[in-house]
There are 2 protein chains.
Amino acid sequence: MKKINIGLLGCGTVGTGVAKLLIENRELIRSRVGAALNLKYVADIDIQTDRGISFDDGVFISDAQKVLDDPDIDIIIEMIGGEGLAKEFIQKAIHNGKHVVTANKALIASHGNTLLRAAAEKGIDFAFEASVGGCMPIIKSLRESLVGNRITSMIGILNGTCNYILSKITDEGKTFEAALSEAQASGFAEADPTLDVEGFDTAHKLAILNSLAYGMEINLKDIYIEGISGITPLDIEFAGEFGYRIKLLAIGKDKGDAVEARIHPTMIPFDNILSNVNSNLNAVMVSGDAVGDMLLYGYGAGMMPTGSAVISDAADIARNILSGAKAGRVPLLSYQSENIRKIPVMPVDEIFTHYYFRFSALDRPGVLSKISGILGKHDISIKSVHQKGRKTGGSVPIVMLTHLAKEADVKKALSEIMLLDVVGDKPVIIRIEDQNGQD
Amino acid sequence: MKKINIGLLGCGTVGTGVAKLLIENRELIRSRVGAALNLKYVADIDIQTDRGISFDDGVFISDAQKVLDDPDIDIIIEMIGGEGLAKEFIQKAIHNGKHVVTANKALIASHGNTLLRAAAEKGIDFAFEASVGGCMPIIKSLRESLVGNRITSMIGILNGTCNYILSKITDEGKTFEAALSEAQASGFAEADPTLDVEGFDTAHKLAILNSLAYGMEINLKDIYIEGISGITPLDIEFAGEFGYRIKLLAIGKDKGDAVEARIHPTMIPFDNILSNVNSNLNAVMVSGDAVGDMLLYGYGAGMMPTGSAVISDAADIARNILSGAKAGRVPLLSYQSENIRKIPVMPVDEIFTHYYFRFSALDRPGVLSKISGILGKHDISIKSVHQKGRKTGGSVPIVMLTHLAKEADVKKALSEIMLLDVVGDKPVIIRIEDQNGQD
């Protein structure tokens, strides 16, 4: 019987999922691929802890080099994570002419251009579906299903931890801190949650998606990143009154000679299906000139959903091998290498969007006129103003929604407004993504 | 420059979309595929009507045979529709060794087993992504992205006409007839809407999906089909009171030695994301042992969304040709031919689900006890009962929701209940798909 030999490096959560699927669904996978995906080795520094899998003798080992050097291994699946050993092992795998599958978004976002170029030169496949959106086939969709489309925008909820926390604040009125604790207790957040809640993980994913959609080199460093730690139940409540939910969005838009690439908490209207993506689920809405809007939705992390995406990559490569296809059947970054350009990311100051402002201001005649005067002077047109409650002599929240305004103008106006003696605290600014209100 | 020659048969709505994309996005597609997808011929019996496309001289012709016989043509795209000429041309294309792309769900559902077998024997690719769900990559997802999963169920909103009509009834309280007229006026329903509103189109699509998911021959004839023409604003209103929306669902479930395959109006809870799929949009939720629940959402029909799916198939085939991959790199029906079985469709009488009943009954003591007595006798356990309004001496609606019950028992009970002299009219029965209420 034909078989494709796989070496798995790293048997943590997702690695264990991959091993389980390869073993438990072996016959199913064989009946679809036409050959067994044979898990020849699983290497991990910890071979003591029980993974709940009965490996055949000699499969579960601690020596990764043995796997990398075995001439029978066709595909290396890297599930170590991080940018140290993982990078070194992947380079070795490429050097040894082995196809590579990884879920390592940090590595691809930071070193993808170099690694993928090396893989292409060596004539091997390098697949990373599981690096964005867990089980959702967003990379396959961009590279294959949407091949006939000019992609115009992508809007994604790409971090389950943030979405879980925001859903808790929204549905149960919890504070950010309480929701984070609960997420940690439920296993939906790490002990150190910075990478997730401050938006860095989402940025890694957007860097990858922008490259695939727009034919650009992977560019992580220019992405604007703002996390969710400043989101309060009060703003979520007000958002709800205006028909919006707050989500941490990854926004990647084609702007002709540049792309928008930004991560920030964003209000989206209830009738946008993304606003119904709750708990730890992920989704991404891709807009293209032919498809209009298309959405993928599913679990963006976790042992088995991520494992499923890894298996799909391994099966793709196996099918290439079995059918005699040259590597690079589908270009690694979606476009032929000679068509990949350096496209600049638009500075956030240049973007136009709608805004929600919440000021804390004295409840006194004339205050509104002062604030709106400054906004007007900076070309910011107000769509609606709402004073929340009354407190003569004290401070009340004043909420404003704007028409389309330029970020640089907003910054200038707000710094002037903060100098007003009737305005206390730093105002809250939340961007709004509302296709129903284009002006 | 390398090129792949395409012959397009049929230039109606979707055919025109395909031609537009191949011409207007030619350079974009080339930069991704690595070769031009060259539209060598477009054949249609009507070459007079302006399609809004400027074809090069000699491209737009009326002679389909010329296209089928041209040795330079690599891929035939069949956009004629129906089961007559389309079938004949596809057979000729296969005979001549040309790869085939089609969106013809009726043809695949009825003759797919034979046509795909012929294609496999001839060693050509035969692709039909656009036959289900328009732009959504549901076929690619089942065949490739979910290759490591045992699929357990698929629940889809697969007909935009029905979803548009149901959304109109739900949101605007219109009758079925009024909503249908509006759909026809807006171009969302055909002059003869039978194929759509009676569920046949949805059944064609489910037959295809079941085959791909479960490794079974395509089986259209055993699918249980019930359309939406009996749905009233009253039942939609009551559904809303219980937290449900009514959608026409295609339900395909793995039941071990059999599959469920049924099309009917169904209540689904508000917190199921499918209940937020409105207007003419489509979606399908696929559940697998690794991914959990994964959803695709987008336009299920229309010139450009369907055109996009057709182009993705043509690009896949082009990539196989360019990379030297043997045809059948991915098996046409998802499983290797020797692993495709005849799996029986479970008779609808055997299924267990939750039910909504609406009886019209005299507002008189003892009526409820008679009805519930008959239900109990047939093993149907009532979850809740609601008498809607009061009309002493007249008829009122009595609504009941059940726990899991067997369809055959429901039929027996209802025919007994209809014999009661206190119950008028035929009761309304709507099935409920509620994962929150498993008992």
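Residues numbered from 1 in each chain as written. Chains lettered and ligands numbered in written order. Predicted model: local features only at pLDDT ≥ 70, side-chain atom pairs only at ≥ 80, totals over all residues. Heavy atoms only, no water.

## Concerning the domain arrangement of chain A
- Parsing chain A into structural domains produces domain 1 (3-137 + 303-338), domain 2 (140-299) and domain 3 (349-432).
- Look at where the C-alpha atoms of domain 1 of chain A and domain 3 of chain A centre, and you get two points 51 Å apart. (Domains from an automatic or database assignment.)

## Considerations on helix H6 (residues 138-145) of chain B
- Where burial is concerned, most of H6 of chain B is hidden: 8 out of the 8 residues are buried.
- For H6 of chain B, the set of buried residues is Ile-138, Ile-139, Lys-140, Ser-141, Leu-142, Arg-143, Glu-144 and Ser-145 of chain B. (Buried < 20%, exposed > 50% of the residue type's maximum accessible area, 1.4 Å probe, protein only. Helix = DSSP H or I, 4+ residues; strand = E, 2+ residues; numbered from the N terminus.)

## Let's talk about the UniProt feature "domain: ACT" (unreviewed entry) in chain A
- Mapped onto this numbering, the UniProt entry annotates "domain: ACT" (unreviewed entry) at residues 356-431 of chain A.
- Secondary structure within residues 356-431 of chain A divides into 30% helix and 42% strand; the distance between the first and last C-alpha atoms comes to 6 Å. (UniProt positions renumbered as here; feature names shortened; annotations may be inferred.)

## Points about the relation of the copies chain A and chain B
- Between chain A and chain B, which share one sequence, the superposing operator has a rotation angle of 180° and an axial displacement of 0.0 Å; the RMSD is 0.0 Å. Considering both components of the superposition, the chain copies are consistent with a two-fold axis. If distances are taken from each C-alpha of chain A to the rotation axis, the shortest is found for Ala-325 of chain A, at 2.0 Å.
- A symmetric contact is evident, with 100% of the interface residues of chain A recurring at the interface of chain B. (Least-squares fit on C-alpha atoms with pLDDT ≥ 70 in both. Contact = heavy atoms within 4.5 Å.)

## Considering the nonpolar core
- Judged by nonpolar contacts, the single largest core of 170 residues is most densely connected at Phe-126, Leu-142 and Tyr-356 of chain A together with Phe-126, Leu-142 and Tyr-356 of chain B.
- Excluding residues that lie within four positions of it along the chain, Leu-142 of chain B makes contacts with Val-147, Ile-151, Met-154, Leu-209, Leu-212, Ala-213, Val-286 and Ser-334 of chain B. (Core = buried A, V, L, I, M, F, W, Y, C linked by side-chain atoms within 4.5 Å.)

## Describing the packing of aromatic side chains
- By the definition in use, this model includes 10 aromatic pairs over all chains.
- Aromatic side chains Tyr-355 of chain A and Phe-357 of chain A sit 5.9 Å apart centroid to centroid with 25° between the ring planes, which places their arrangement in the stacked category.
- With 5.9 Å between their ring centres and 55° between their planes, Phe-357 of chain B and Phe-359 of chain B make a pair best called tilted. The same class applies to Phe-357 of chain B and to Phe-359 of chain B, which are both buried.
- Aromatic rings pair up to connect Tyr-355, Phe-357 and Phe-359 of chain A into one cluster. (Phe/Tyr/Trp six-rings, centres within 6.5 Å; stacked < 30°, edge-to-face > 60°.)

## Describing the side chain of Thr-402 of chain B
- Inspection of the secondary structure puts Thr-402 of chain B in strand S15 (residues 395-402).
- Apart from residues lying up to four places away in sequence, Thr-402 of chain B is in contact with Thr-353, His-354, Tyr-355, Phe-357, Ile-380, Ser-381, Ile-382 and Lys-383 of chain B.

## Notes on the pattern of salt bridges
- According to the stated counting rule, one finds 62 salt bridges over all chains in the structure shown.
- For the salt bridge of Arg-329 of chain B with Asp-316 of chain A, the shortest nitrogen-to-oxygen distance reads 3.9 Å. Taken together, the residues span two chains, with Arg-329 of chain B in the loop between helix H12 (303-323) and strand S13 (352-362) and Asp-316 of chain A in helix H12 (residues 303-323).
- Residue Asp-316 of chain A is classed as buried on the basis of its relative accessible area of 11%.
- Here Lys-174 of chain B makes a salt bridge to Glu-182 of chain B, at a shortest N to O gap of 3.3 Å.
- Of the residues examined, Lys-174 of chain B reaches a relative accessible area of 23% and is grouped as partly exposed.
- Shared partners join several salt bridges into a network, and the residues in it are Lys-140, Glu-144, Asp-316 and Arg-329 of chain A together with Lys-140, Glu-144, Asp-316 and Arg-329 of chain B. (Salt bridge = Lys/Arg side-chain N within 4 Å of Asp/Glu carboxyl O.)

## Quick notes on the sheet that holds strand S5 (residues 99-102) of chain B
All names here are of chain B.
- Sheet architecture is open: 6 strands sit in the order S3-S2-S1-S4-S5-S6, paired in parallel fashion. The sheet is open, and its two edges are formed by strand S3 (60-61) and strand S6 (126-127), each paired on a single side.
- Pairing geometry for strand S2 (residues 36-43) and S3, over 2 bridges, is parallel. Paired with Ala-43 across the strands is Ile-61, a residue of S3.
- Each of strand S1 (3-9), strand S4 (75-78), S5 and S6 touches helix H4 (residues 85-95); the most contacted strand, S5, lies at about 155° to it.
- Its contacts with the sheet place H12 against S1, S2, S4, S5 and S6, and it is angled at close to 165° to S5. (Pairing = 2+ DSSP bridges. Axes fitted to C-alpha atoms, helices over the stretch in contact; angles between N-to-C directions.)

## Considerations on the environment of Ser-141 of chain A
- The topology assignment puts Ser-141 of chain A in helix H6 (residues 138-145).
- A relative accessible area of 2% means that Ser-141 of chain A is categorised as buried.
- The spatial distance from the C-alpha of Ser-141 of chain A to the C-alpha of Leu-8 of chain A is 25 Å, given a sequence separation of 133 residues.
- Every residue in contact with Ser-141 of chain A, bar those within four places of it in the chain, is listed here: Leu-146, Met-294 and Leu-296 of chain A together with Pro-137 of chain B.

## A word on unusual backbone geometry
All names here are of chain A.
- Even without being glycine, Ser-334 reaches a positive phi, approximately 80°.
- Inspection of the secondary structure assignment puts Ser-334 in the loop between H12 and strand S13 (352-362).
- With a relative accessible area of 0%, Ser-334 lands in the buried category.
- With a phi angle near 50°, Asp-425 is a residue other than glycine that sits in the positive phi range.
- Taking relative accessible area as the criterion, Asp-425 reaches 63% and is therefore assigned exposed.

## What to know about the packing of helix H7 (residues 160-172) of chain A against helix H8 (residues 176-185) of chain A
Residues and elements named next belong to chain A.
- In contact at an axis separation of 9 Å, H7 and H8 are set at 125° when each is read in the N-to-C sense. If you check the angle between H7 and H8, you find them oblique. In this structure, H7 crosses over H8, and the sense of that crossing is right-handed. Of the residues in H8, those in contact with Tyr-164, Ile-165, Lys-168, Ile-169 and Glu-172 of H7 are Phe-176, Ala-179, Leu-180, Glu-182 and Ala-183.
- Split by residue class, the contact of H7 with H8 holds 7 nonpolar, no polar and 3 charged. (Parallel < 35°, antiparallel > 145°, perpendicular 65-115°, else oblique. Left-handed = near helix turned anticlockwise from the far one by under 90°. Nonpolar A, V, L, I, M, F, W, Y, C, P; charged D, E, K, R; others polar.)

## A look at the UniProt feature "binding site: L-homoserine" (unreviewed entry) in chain A
Residues and elements named next belong to chain A.
- Under the feature "binding site: L-homoserine" (unreviewed entry), the UniProt entry names Glu-190.
- For Glu-190, the position within the fold is in the loop between H8 and helix H9 (194-197).
- Exposure remark for Glu-190: the relative accessible area of 52% places this residue in the exposed category.
- Those residues within four positions of Glu-190 in sequence are excluded, and the remaining contacts are Gln-184 and Asp-196.

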